[in-house]
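Summary of the model geometry
Residue-level listing of the chains:
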Amino acid sequence: MEKAFTELLNGVNAALETYSNVHRGSGHHSIVTTHLFEEARSMVLDYLGLNKGKYVVIFCTPRRAHLLTAQLDPASYQIVSSKDLGLSLGVRALAVKRNAFPKGIRFQAGGGTARLASGDWVIWAREPDRYEAGTPAIINIIAFARALQLVRHFRFSSFQEISAEKHTTAEILYHDELEKYSGEELLEELRKTLIGRDFLVPTVDGPKPFINLDNAASTPTFMPMWTAASRALCLPVPTQQEIIEEVKSVCANFLHASSSDYDMVFTSNTTESINLVAESTGNESLEDLEPVVVNTLLEHNSNDLPWRMIPGFSLVRLPIDENGIVDLNELETILCEYNHDHKHGKKRITLVSVSGASNVLGVYNDLAAISRIVHQYDVRLLVDAAQMVAHRKVDTEGCGIDYLAFSAHKVYAPFGCGVLLARKGLLRFSPKEQEAIRSSGEENVAGIAALGKALFLLQRIGMDVIQKEEQALTSRALQGLSKIPGLQVYGIKDPGSPEFAQKGGVIVFSVKGILSDRVAKELAKLAGIGIRYGCHCSHILIKHLLGVGPSLQRFQFLIVTLFPRMALPGLARVSLGIENSQQDIDTLIQALEMIARKSPRPRKDIKQPMKDFVRAANHKVFNQDFEVLKP
């Protein structure tokens, strides 16, 4: 049985070599990961012996599975769990009859659940996307599907039967070959352990090393994080609990949030964390008042749609300037009107919910200043820190943050873990609900361990070191992009401006006469570069940047309703991480110059090499040549 566990680890390691976020990505790795993720659905149906034409597979956390099955006829679905396989992955796979989904039920909303959104309407995605809010636990799901294969072949019921090597909490979280390094030296050594480093992908000029410039969607991982996750897959329960508690301490220290003042809940992603706050907020009794939530035009759907779902609540959005910076005077004016002057009747602002950093414009909000204003009016502050934690220091207590949410898959630990910090007493759930929430997130011990390892290493490098490195690369990119004819950068674009201190390594742009999806695909074909294009789950902001007015928005609503697969205008986005280099930036600029100038070159077709590339990656992960795996 040890052979089965070894094959499981080999398959997951292969998936990590080409890992990227699923759907809407242009790069080779996103295409491969999307294929593997969708293949996992088929493998669940194969395991259950169900017809692929009659069933849809939804991947859930334990709690989401409970919420969904409560709305379904028991005869309409089957469920299989990673826990039943003895793996600490926190995955539930629901195979649901296609005609059995309840109408209008969206128990959690956010990234991926909406096909298109405007300020006052939403076109929801179809199954399975509408029930998989936020980035799913992609790697965990691929591992789960591979485990189902191996269980069937080796004919055993659980990986708990395997006598895999057991490790202590200290070994998993703190000990590795990088222990003697710190600061910039640690960063350099860590980069050498990137899984998939120098991985070759097909381009028009032959194989080239893949360049990931899509870190805002999801980050790759490094060997120490993967080692921590793999060691935590099959641990005794006491050691699992030790890891959970120790990672809470690591998180609290990294985020400057003392355990005496904050509760910490592990979730599956930022989206689930924000939905929990929305659900909790909806449970509050406000007597005769009408509650209002304030957010901004910057927000990702995950910090917009959940607030629309709370019965009896209304939503106010703060405007931004051309660089994406929130007007603090406007924030204070709105708070004063609602909560001091009572100009809006019984309406009272109870929560201000803002992004720490925009996933589109890369601008960082002044959280300390926002907090001072917010708390003057007895209002709570939530920060969506998904784009912040891996790139800048987070001072939760110092900034007076009441709730903070982020995802491990954007912090170099893509194993399905999220975090919600909340001031003690602010999460309003019954004891039974609290236990269900806690146990759901803590079932994914592998993801929790990987997150703990990632934060521990980032802290030893120093967030000041990371910020300095990333701002230097951002400056280099902006300077290069500014020289390309027909290319327009949105937001802060001058590295010499005072606002540049608030700029992170996320840059959106357009190229005159070329749609964003074409720009992205050309970058992949020419240089093996993976970026993202479209609306980036920030539909309201993208429309604002592109000047899409109310009339055109109504036309878009009609178009998307009638032709769901039609591509809409959007922007191309590059986003940096600690694995990126000056050479990556120079390769990007050179490729974009060719695209913008429409430089003539041989039009080599790489469709077949791409198909071969995807097929080879799939075989490496889901190898079904079991002749070599005979027990």
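Residues numbered from 1 in each chain as written. Predicted model: local features only at pLDDT ≥ 70, side-chain atom pairs only at ≥ 80, totals over all residues. Heavy atoms only, no water.

With that out of the way, let us pick up the confidence of the model for the protein. The share of residues in the protein with pLDDT of 70 or more is 94%, and the mean pLDDT across the chain is 92. Confidence drops under pLDDT 50 across residues 627-631; counting only partners more than four residues distant or on other chains, this segment forms twelve contacts. (pLDDT = per-residue confidence, 0-100. Contact = heavy atoms within 4.5 Å.)

Attention now goes to the sheet that holds strand E14 (residues 403-407). The strand order across the open sheet formed by seven strands is E9-E15-E14-E13-E12-E10-E11, and the pairing between neighbours is mixed. The open sheet has two free edges, formed respectively by strand E9 (262-267) and strand E11 (314-318), since each of these has just one partner strand. Pairs of neighbouring strands in the sheet enclose a mean axial angle of 20°, with direction left out of account. Across six bridges, the pairing between E9 and strand E15 (residues 418-423) is antiparallel. In the sheet register, Phe266 faces E15, and the bridge partner there is Val419. (Pairing = 2+ DSSP bridges. Helix = DSSP H or I, 4+ residues; strand = E, 2+ residues; numbered from the N terminus. Axes fitted to C-alpha atoms, helices over the stretch in contact; angles between N-to-C directions.)

Another point: the packing of aromatic side chains. The tally for this structure, following the rule as stated, stands at eight aromatic pairs. Of the aromatic side chains, those joined through ring pairs into one cluster are Phe5, Phe156 and Phe159. The side chain of Arg392 reaches across the aromatic face of Tyr364, ending 4.1 Å from its centre. (Phe/Tyr/Trp six-rings, centres within 6.5 Å; stacked < 30°, edge-to-face > 60°. Lys NZ or Arg CZ within 6 Å of the ring centre and 35° of its normal.)

A separate point is the nonpolar core. In terms of nonpolar packing, the biggest core is built from 184 residues, with Phe159, Val352, Leu361, Phe406 and Leu592 touching the most fellow members. Sort the elements by how many residues they give to this core and helix H4 (residues 138-154) lands first, with twelve residues. If sequence neighbours within four positions are ignored, Val352 has contacts with Val294, Leu331, Leu335, Val374, Val379, Arg380, Leu381 and Leu382. Listed in part, the 19 residues of the second largest apolar core include Val277, Ile310, Phe313 and Ala405. (Core = buried A, V, L, I, M, F, W, Y, C linked by side-chain atoms within 4.5 Å. Buried < 20%, exposed > 50% of the residue type's maximum accessible area, 1.4 Å probe, protein only.)

Compared with an ideal rise of 1.5 Å per residue, which puts 19 residues at 27 Å, helix H8 (residues 237-255) spans 27 Å between its outermost C-alpha atoms and is within 8% of the ideal. His256 sits one or two positions beyond H8 and adopts a positive phi of about 55°. (Expected span 1.5 Å × (residues − 1).)

The topology assignment puts Trp226 in helix H7 (residues 223-231). As a C-alpha pair, Trp226 and Phe415 span 189 residues in sequence and 8.9 Å in three-dimensional space. Those residues in contact with Trp226 that sit more than four places away from it in its chain are Leu9, Val12, Asn13, Leu16, Ile195, Thr221 and Phe415. Within polar-contact distance, the side chain of Trp226 engages the side chain of Asn13 at 3.2 Å. (Polar contact = N/O pair within 3.5 Å; in protein donor to acceptor, adjacent residues only side chain to side chain.)

Okay, the sheet that holds strand E17 (residues 506-511) next. Spatial strand order, E16-E17-E20-E19: four strands in an open sheet with antiparallel pairing. The open sheet terminates on both sides in strands that have one partner only, identified here as strand E16 (487-490) and strand E19 (532-534). Neighbouring strand axes in the sheet, compared pairwise and without regard to direction, differ in orientation by 30° on average. Across the sheet, helix H17 (residues 539-546) is in contact with E16, E19 and strand E20 (571-575); its angle to E20 comes to roughly 115°.

Moving on: the side chain of Ser353. Within the secondary structure, Ser353 is located in strand E12 (residues 347-355). Residue Ser353 is classed as buried on the basis of its relative accessible area, which comes to 0%. Within the structure, the side chain of Ser353 is placed 2.5 Å from the side chain of Asn303, a separation counted as a polar contact.

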